[in-house]
Amino acid sequence: MDRVSSFDEPLKKLLGGATAKVMAEHLDLHTVGDLLHHYPRRYEERGKLTALADLPLDEHVTVVAQVADARILMFNNGRGKRLEVTLTDGSGRLQLVFFGHGVHKPHKELLPGRQAMFAGKVSVFNRKMQLAHPTYQLLDVSDADEATEAVDAFAGRLLPIYPACKQLDSWRIAKAVDAVLPSAQDAVDPLPAALREGRGFTPLPEALLKVHRPQTRTDIEDAKARLKWDEAFVLQVALARRRYADTQLPAVARRPVADGLLDAFDAKLPFTLTEGQEKVSKEIFDDLATEHPMHRLLQGEVGSGKTMVALRAMLTVVDAGGQAAMLAPTEVLAQQHHRSITEMMGELAEGGMLGGSDQGTKVVLLTGSMGTAARRQALLDLVTGEAGIVIGTHALIEDKVRFHDLGLVVVDEQHRFGVEQRDALRSKGKQPPHLLVMTATPIPRTVAMTVFGDLETSVLDQLPAGRSPIASHVVPAKDKPHFLARAWERVREEVENGHQAYVVCPRIGDDAEEAEGKKGKAAKKASAKAAEEDPEKRPPLAVLEIADELRKGALAGLSVEVLHGRMHPDEKDDVMRRFAAGDADVLVATTVIEVGVNVPNATAMVIMDADRFGVSQLHQLRGRVGRGSAPGLCLLVSEAHEASPARARLSAVATTLDGFELSRIDLEQRREGDVLGQAQSGVRSSLRMLTVIDDEEVIAAAREEAVAIVAADPELEHLPELRTVLAALLDKDREEYLDKG
């Protein structure tokens, strides 16, 4: 069998159809290689041999003893069976208990006089020490040496506990691993020999043996160190190659022009840029001036001035004769950006129009729901080059959209593109355009290096002058209802002082939603009863219901508007305009306001059922207040129990405004699966040992090695093993992961 094919061998051949089917369907394991990379989650120690007289409570022990007595007892009117076995070793006695179907085998084997080893956790029942359902191994006492050897092997072993499923428990997976373990010798080692030896790593076949069948805790540490490195390194090589390939693409260099649009814009700014904005702008301008496409991630705290940095980059490109497109994830956000950018630019956004500046350009909006005439005009302005800047949703990617000379694409809020979309956009430029991805979700460095590893990163961590502090408090609505009443009083006070407020709910709550959930009156009644017994079970609070309650009750007399994703785009835009103009006091909304909405006069936010949102999402939402000169207030309303993890999460949000600290907490609570997201299934399935949160040093070191290797040998011609392993990682799905991010 050649080296690669033994790993590619279907499990069916070695384990039989039934087991292989369960492994494929429930654990996504199809080949020998898949199973060898299905690592134990933890290891149980059977414990050293313990005399029955010295058994410690609540610990795993191994004992060698003789069966003194065994009997089956019936309970539950004869419907239940229990096997009780009494052991003795001369120093004391111990009871074993087996229930249900688990009684048959031990009843036949554990006969009085038989000697065996037993391993399990010591508990107390009816004031007697016992082991429930212990594992055991019978001993052949006729051969003393063999018995001693068996005892040593059994008692000293570390038992691997595998990620399992209902249909296949850990010990059956362990047996399957035993069947394929000889193939570990055929593992293709992705690490170049010099790197492996330089870092003193265990060879891969040995690491696989040690991780599955360790003799000592040191074996486990050795194996983990090696296997983590492999995962980090192979992924970083894939990303480094992607970055290298991007540097080989041609792009038009876009250099700033003296006395152009950018200078005119800077001259009319009513404030000076922060040091951070200056520094990040320089990094972007340097990238734009090169003849290969920029691929940069700009991450910045809510309100750190990312839009300003992006706009200055767009103006530079327009100065250099190109066009810039900004992609937003929602229509509300696209309209908001269009509004704020045209306001910031003033007459500079009215190029070619009466009263517009000679240096100006046109700034157009393009969304899916625009009227035909407006859409036709926008498309015309793009193809003629009249519009230097376009802001839109995914409507920008459609075939009909043609640019005169697309030079820069700015993607807002982490909506990185799949390969098809990126290619569609690239094809709209005469050469590949420069790319700037913006996110207001602070991303810990390791996640940035992994999830966004094909982008260079810039960080804006300084808030512009004039941003106000935001006070955040948890409102325990169930334990202290008067706190909620006080929250609504605070909203009234803000409005009386000339300010505005947001109220955020997790759900819309309209008829369509009710119909979708097929909820009749009976179902509603049942869910209300369940909610009384357990607040976790009630449906999340809804915008339409809360708005109605507030208008009639706590906020009666104030102007309360609603905003949610199912409204017609024109209606949404109308509500946002009225709220921005100060015509509405309170906006009750879903998370459509999470990103980019900028109303400096809004100072208070009440988040209902706050425990139903993620940490980063709460931080994003909170960033909508305190955007002007008055301080912001964010109230996190929750019915979660004081000691629950949900409340701990809310307290973390309330006590810090540091987004990076919160994103770390978020990651630790959710672990990778969520953070890497569904689109990253390739990497989710390839990261089995590495944890993006905890292994920062490994990821950083692997990235450094990967960059050096790819720079020296981009095609990996001298590293065939690494190429083979990469090809396995980058099958179709996983290749897409790297493109989508």
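It should be noted that the structure appears before, not after, this text.
Rules used in this analysis
- Residues numbered from 1 in each chain as written.
- Predicted model: local features only at pLDDT ≥ 70, side-chain atom pairs only at ≥ 80, totals over all residues.
- Heavy atoms only, no water.
- Pairing = 2+ DSSP bridges.
- Helix = DSSP H or I, 4+ residues; strand = E, 2+ residues; numbered from the N terminus.
- Axes fitted to C-alpha atoms, helices over the stretch in contact; angles between N-to-C directions.
- Contact = heavy atoms within 4.5 Å.
- Nonpolar A, V, L, I, M, F, W, Y, C, P; charged D, E, K, R; others polar.
- Phe/Tyr/Trp six-rings, centres within 6.5 Å; stacked < 30°, edge-to-face > 60°.
- Buried < 20%, exposed > 50% of the residue type's maximum accessible area, 1.4 Å probe, protein only.
- Salt bridge = Lys/Arg side-chain N within 4 Å of Asp/Glu carboxyl O.
- Left-handed = near helix turned anticlockwise from the far one by under 90°.
- Patch = residues over 30% accessible without salt bridge, like charges linked within 9 Å, V, L, I, M, F, W, Y side chains within 5 Å.
- Areas by Shrake-Rupley, 256 points an atom, 1.4 Å probe, with all protein chains shown as cover.
- Lys, Arg positive; Asp, Glu negative; His and termini not counted.

Enquirer: Please clarify how the sheet that holds strand 18 (residues 560-563) should be interpreted in this entry.
Expert: Paired through backbone hydrogen bonds, the strands of a sheet run either parallel or antiparallel to each other. Read across the sheet, six strands follow the order 16-21-20-17-19-18 without closing on themselves; strand pairing throughout is parallel. Edge strands, defined here as strands with exactly one partner in the open sheet, are strand 16 (470-476) and strand 18. Shown here is a sheet whose adjacent strand axes are inclined to one another by a mean of 20°, direction ignored. Sheet analysis places strand 17 (residues 500-504) next to strand 20 (residues 602-607), joined by five bridges and oriented parallel. In the strand pairing of strand 20, Ala501 is matched with Ala604. Sitting on the sheet, helix 22 (residues 569-580) touches strand 17, strand 18, strand 19 (586-589) and strand 20, and the angle it makes with strand 18 is about 140°.

Enquirer: When you look at the packing of helix 11 (residues 261-268) against helix 13 (residues 306-319) in this model, what are you seeing that I'm missing?
Expert: In helix packing, the relevant descriptors are the interaxial angle and the interaxial distance, both defined with respect to the helix axes. Axis separation between helix 11 and helix 13 bottoms out at 8 Å; the angle between their running directions is 145°. Of the residues in helix 13, those touching helix 11 at Leu261, Leu262, Phe265 and Asp266 are Met308, Leu311, Arg312, Leu315, Thr316, Val318 and Asp319. When the residues that make up the contact of helix 11 with helix 13 are grouped by side-chain class, the tally is seven nonpolar, one polar and three charged.

Enquirer: Before we go on, may I ask you to explain the packing of aromatic side chains in this structure?
Expert: Any pair of aromatic rings gets described here by the distance separating the centres and the angle formed by the planes. Counted according to the given criterion, the structure contains six aromatic pairs. Measuring from centroid to centroid gives 6.4 Å for Phe98 and Tyr136, while their planes differ by 80°, and the two rings are edge-to-face. Taken as a pair, Phe98 in strand 4 (residues 93-99) and Tyr136 in strand 7 (residues 135-138) lie far apart in primary sequence, 38 residues in all. Relative to Tyr136, the ring of Phe118 lies with its centre 6.1 Å away and its plane at 35°, an arrangement referred to as tilted. Of this pair, Phe118 sits in strand 5 (residues 115-125) while Tyr136 sits in strand 7, and the two are 18 residues apart along the sequence. Its relative accessible area of 18% is what places Tyr136 among the buried residues. Through a chain of ring-to-ring contacts, the aromatic side chains of Phe98, Phe118 and Tyr136 assemble into a single cluster.

Enquirer: So what exactly am I meant to see when it comes to the pattern of salt bridges here?
Expert: Opposite charge on two side chains lets them pair, provided their charged atoms get close. Taken as a whole and assessed by the stated rule, the structure comprises 35 salt bridges. The salt bridge involving Asp69 is made with Arg71; its shortest N-O contact spans 3.6 Å. With a relative accessible area of 30%, Asp69 lands in the partly exposed category. Residue classification places Arg71 among the partly exposed residues on the basis of a relative accessible area of 43%. Taken together, the salt bridges that share partners define one network made up of Arg486, Glu489, Arg490, Glu493 and Glu494.

Enquirer: Quick question: what am I supposed to make of the packing of helix 23 (residues 615-622) against helix 24 (residues 645-655) here?
Expert: Here helix 23 crosses helix 24 at 35°, and the two axes come no closer than 10 Å. Pair helix 23 / helix 24 crosses with right-handed handedness. Residues Val615, Leu618 and Arg622 of helix 23 touch helix 24, and the partners they reach there are Arg649, Leu650, Val653 and Ala654.

Enquirer: Please explain the sheet that holds strand 10 (residues 323-327) as it appears in this structure.
Expert: The sheet built from seven strands is open, its strands ordered 11-12-10-13-14-9-15 with parallel pairing. Of all the strands in the sheet, the pair left with one neighbour each is strand 11 (362-366) and strand 15 (456-460). Here the strands of the sheet are splayed against their neighbours by 20° on average, with no regard to which way each runs. As defined by bridge partners, strand 11 adjoins strand 12 (residues 387-392) across five bridges and the pair is classed as parallel. Residue pairing for strand 12: Leu366 is matched across the bridge by Gly392.

Enquirer: It is not clear to me how a nonpolar patch on the surface should be interpreted in this structure. Could you clarify?
Expert: Together, Leu57, Val124 and Met129 make up an exposed nonpolar region whose accessible area comes to about 240 Å². Accessibility expressed as a relative area gives 32% for Met129, which makes it partly exposed.

Enquirer: Please clarify how the side chain of Arg703 should be interpreted in this entry.
Expert: Secondary-structure assignment places Arg703 in helix 27 (residues 696-712). Despite its burial, Arg703 remains without a salt bridge, the nearest opposite charge being carried by Glu456 at 4.4 Å. Setting aside chain neighbours within four positions, we find Arg703 in contact with Gln236, Arg243, Met449, Gly453, Leu455 and Glu456.

Enquirer: Help me understand unusual backbone geometry, please; the structure alone is not making it clear to me.
Expert: Excluding glycine, a negative phi dihedral is what most residues carry, and trans is how most peptide bonds are arranged. Here the phi dihedral of His133 falls at roughly 45°; this positive angle occurs in a residue that is not glycine. With respect to the helices and strands, His133 occurs in the loop between strand 6 (128-132) and strand 7. For His133, a relative accessible area of 40% corresponds to the partly exposed category. A positive phi is found at Leu716, a non-glycine position, where the angle reads about 55°. Assignment of secondary structure puts Leu716 in the loop between helix 27 and helix 28 (720-729).

Note that all results are geometric; they support no functional claim without further evidence.
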